[in-house]
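# Coordinates in review
So you can see what is in the structure, the chains are spelled out below.
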Amino acid sequence: MIAKIGGGKDTAGLIRYLFDTKKAKDHTDPHLVASWDGFTPDPGRARDFDTTKRFLVADLDLRVKQARRLGRAPEKHVWHCSIRTAKTDRHLSDEEWADIARRIVATTGIAPDGDPDGCRWVAVRHAPDHIHIAATKVRADLRTARHWNDYLTADRELAAIEKEYGLFRVVRGDRTAAKRPTRAEQEKARRNGQEKSARERLRAIVRTAVAAASSMEEFIHLLSHLDGVLAEVMYFPSGDVRGYKVAAEDTTTANNKPVWFSGSELALDLSFPKIRQRLDAIKQQSDDQPSQRRPNPWHQATAATKRIPHHLDQADDQASQAHLAAFGEALNALPLLTPPALRPQLREAAGAFERATRSRIQAEHHHARALRGAVRAMLRHPAPRDSTTLAMFLDAAILVVIAAARWHQLRHHDQQVAAAHQTLIHLQAAYNQASAEPLAALASRRPPRQTVDRHIRQLRQVVPDHVDQIIEDPAFDALTTALAEAEKAGHNASAVLTQALSQRALDNAHSPARALTWRIRRLADRHVPGPRAQAAAHAHHTAAPSTAPRPEQSQTRRR
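Residues numbered from 1 in each chain as written. Predicted model: local features only at pLDDT ≥ 70, side-chain atom pairs only at ≥ 80, totals over all residues. Heavy atoms only, no water.

### Thoughts on the overall build of the chain
A tally of helices and strands in the chain yields 21 helices and eight strands. Pairs at least 24 apart in sequence give 73% of the contacts found in the chain among residues at least 6 apart. Entry remark: accessible area of the chain is about 28,200 Å², with carbon and sulfur atoms responsible for 50%. (Helix = DSSP H or I, 4+ residues; strand = E, 2+ residues; numbered from the N terminus. Contact = heavy atoms within 4.5 Å. Areas by Shrake-Rupley, 256 points an atom, 1.4 Å probe, with all protein chains shown as cover.)

Okay, structure coming up:
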């Protein structure tokens, strides 16, 4: 169940709307289901509708008029709460809705239980799936009702009601989500042919600028040179930057002025102080080292991303939150670095995961310097020559999203869990596109039959429970090529297979051969171990061939 709470200063106007059946087509049977005293006249069931409605408005406004004579009535004296069930819920009876209304006015402080001086209120049902509660906020003792945080208290009560009534359990947040666009903003976007409001589009653009910047100066420079965006930096008299605001070029007011948004109006973590805190935590990498010795930033980013699930398994929640935030920045940057065909899915993935990057846990951003530095280096480095590097990064990214969903679930962050699951859909689609070409290229280099048979024997030793599924997998030829090339580079194929399996179980993998291929490619890119290390790894593999993860270690969603 979802509650929407608002207010106003026109009791008659609200009652007129609640009982209207002409303009509002969904108002099929307006009638009262509950009231403050149980004896309130019901215009929906009266012969003389207009007269009864006037009586109802006068009764509701009685305490307001009395308080107004004493100069104590609030200007906006109307309290309005609508409560709606989910589409899949059964239709509640009038008696059930009456009970829900009484619980809501009690918990929000409008009419507390056992308080004879509570405010006057009525609950109107004019459609099968929702009710409206209209109240005036002056109590019988002529004091104004104390209803602070009414949305939160109502939401907590609705969560209990859902459980008791067997209704759909709404995913509830922790008040860390970015501000939603208003209805007016959404309508304006539709009129302009835009899928998203200006607030949402600007939020994504600013996040990309933060991901690309290495300093506050660079962030300010990027804001001033973004296409389709107007940016203005505000300064203190001393000349120091005080903040910034942005506007979409295609959005103006009636008098042709830009609609500006400060960073905090886009999202709390995009306020100028928050951005400065994040960028100040970045350790600048030296640019004076020779370019031929500079590590490939894509490999660095993939390695840093691959370590995030391990970080999320540790006890340091502040560090884990920092790694999730850094990974979110990496997703924000990806559309700038990838082929056009992949950008729509990657933008959707970044937009969805944004909700999973924030919670009540305070992030210690210095923990995620490696990934942030790699992402910024990627933005200054030419895009990968083929899609293999991108596919390997996306393969690691999918594991992060799965781990993030599990991490949030353990902490009961329901909205973040839902956001991670939504991210997985878009990231999986992008991964499937990106991996098709490099897998085909690997398969075209399939080694001789004798080598393939030897790899099959190794698979039977290392992963006996999945060998048949792997052999029948369309990506099996690519896997054999990856194993052969790892051996050619000096690696022990059985040891590499065992190490690849230790990273993630295959029990629910959609394509186990494809998953193993990218892991082996990543491992093969590392420095080849020396003879003693290879002998130790081989001995460990021979002594303990069952080192592959147990089924209970498998994660919930696989490729």
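Having seen it, we continue.
### Notes on the environment of T85
Following the sequence through the fold, T85 ends up in the loop between β3 (78-84) and α3 (94-107). When its relative accessible area of 9% is taken as the criterion, T85 is described as buried. In this structure, the C-alpha to C-alpha distance between T85 and F168, residues 83 residues apart in sequence, is 7.9 Å. When sequence neighbours within four positions are dropped, the list of residues in contact with T85 reads M1, L92, W97 and D129. (Buried < 20%, exposed > 50% of the residue type's maximum accessible area, 1.4 Å probe, protein only.)

### Thoughts on the sheet that holds strand β5 (residues 130-136)
A sheet is described by the order of its strands in space; here five strands give the open sequence β1-β3-β5-β4-β2, paired in antiparallel fashion. Strand pairing shows two members of the sheet lacking a second neighbour, β1 (2-8) and β2 (31-35), which therefore form its edges. The sheet shows a mean angle of 20 degrees between the axes of neighbouring strands, direction not considered. Across the sheet, helix α1 (residues 11-18) is in contact with β3, β4 (121-127) and β5; its angle to β5 comes to roughly 165 degrees. (Pairing = 2+ DSSP bridges. Axes fitted to C-alpha atoms, helices over the stretch in contact; angles between N-to-C directions.)

### Notes on the packing of helix α6 (residues 198-212) against helix α11 (residues 317-333)
Taken N-terminus to C-terminus, the directions of α6 and α11 make an angle of 110 degrees; their axes are 8 Å apart at the nearest point. It follows from the interaxial angle that α6 and α11 lie roughly perpendicular. In contact with R207, T208 and A211 of α6, α11 contributes E329, N332 and A333. (Parallel < 35°, antiparallel > 145°, perpendicular 65-115°, else oblique.)

### With respect to the packing of aromatic side chains
Tallied over the entire structure, the rule returns four aromatic pairs. Ring geometry for W298 versus F393: centroids 6.3 Å apart, planes at 85 degrees, classification edge-to-face. Here F393 lies in helix α14 (residues 388-410) and W298 lies in helix α10 (residues 297-312), a separation of 95 residues in the sequence. Accessibility assignment for this pair places W298 and F393 in one class, buried. (Phe/Tyr/Trp six-rings, centres within 6.5 Å; stacked < 30°, edge-to-face > 60°.)

### Considerations on the layout of surface pockets
Looking at the second largest pocket, its volume works out to about 510 Å³. At the level of secondary structure, the elements contributing two or more residues to the lining of the second largest pocket comprise α6, α9 (272-280) and α11. No other element matches α11, which puts five residues into the lining of the second largest pocket. Residues of the lining of the second largest pocket, tallied by class, amount to six nonpolar, nine polar and nine charged. (1 Å grid on protein atoms, 1.4 Å probe; cavity = no way out; pocket = protein on both sides within 12 Å on 5 of 7 lines; lining within 4 Å. Points joined across faces, edges and corners; volume = space filled by probe spheres on them. Nonpolar A, V, L, I, M, F, W, Y, C, P; charged D, E, K, R; others polar.)

### So, the pattern of salt bridges
All chains considered together, the criterion is met by 29 salt bridges. Among the salt bridges present, the one from D94 reaches R125, with a minimum N-O distance of 2.8 Å. Of the two residues, D94 sits in helix α3 while R125 sits in strand β4, which places them 31 residues apart along the sequence. (Salt bridge = Lys/Arg side-chain N within 4 Å of Asp/Glu carboxyl O.)

### Describing the pairing of β3
Burial within β3 is extensive, with five of its seven residues counted as buried. With seven bridges joining them, β1 and β3 adopt antiparallel strand pairing. Note that in β3 the partner of G7 across the bridge is W79.

### Digging into α3
With 14 residues, α3 should reach 20 Å at 1.5 Å per residue; the first-to-last C-alpha distance of 20 Å fits that figure. Among all positions of α3, only E96, W97, A98, I100, A101, R103, I104, V105 and A106 are buried. Those residues of α3 that are buried lie in contact with β2, β3, β4, β5 and α4 (150-165). Directly beyond the C-terminal end of α3, a positive phi value near 90 degrees is found at G109. (Expected span 1.5 Å × (residues − 1).)

### A word on the sheet that holds strand β6 (residues 229-235)
One open sheet accounts for three strands, arranged β6-β7-β8; its pairing is antiparallel. Each of the sheet's edge strands pairs with one partner strand only, and the pair in question is β6 and β8 (261-262). Pairing between strand β7 (residues 241-248) and β8: two bridges, direction antiparallel. By the bridge assignment for β8, V246 is matched with F261.

### A short note on the nonpolar core
Counting 51 residues, the largest nonpolar core has F327, L334, F353, L371, F393, L394 and L427 as its most contacted members. Every element with two or more residues in this core is listed here: α10, α11, α12 (343-353), α13 (369-379), α14 and α15 (414-444). By residue number, the principal contributor to this core is α14, which donates 14 residues. In this view, F327 contacts T305, I308, F353, L371, A397, V400 and V401; residues no more than four positions away in its chain are not counted. Listed in part, the 28 residues of the second largest apolar core include M1, A3, I83 and I133. (Core = buried A, V, L, I, M, F, W, Y, C linked by side-chain atoms within 4.5 Å.)

### Some thoughts on the packing of α10 against α11
Contact geometry of α10 with α11 gives a least axis separation of 9 Å together with a crossing angle of 155 degrees. Taken together, the axes of α10 and α11 are roughly antiparallel relative to one another. The way α10 lies across α11 gives a crossing that is left-handed. Seen from α10, the contacting residues are T305, I308, H311 and L312; seen from α11, they are S320, H323, L324 and F327. (Left-handed = near helix turned anticlockwise from the far one by under 90°.)

### A closer look at the environment of R347
If you trace the backbone, R347 turns up in helix α12. Separated by 76 residues in the primary sequence, R347 and T423 place their C-alpha atoms 9.9 Å from one another.

### Some remarks on the confidence of the model for the chain
Residues at a pLDDT of 70 or more form 89% of the chain, whose mean pLDDT is 85. Counting interchain partners and residues more than four positions distant, the pLDDT-below-50 stretch residues 540-559 has 48 contacts. (pLDDT = per-residue confidence, 0-100.)

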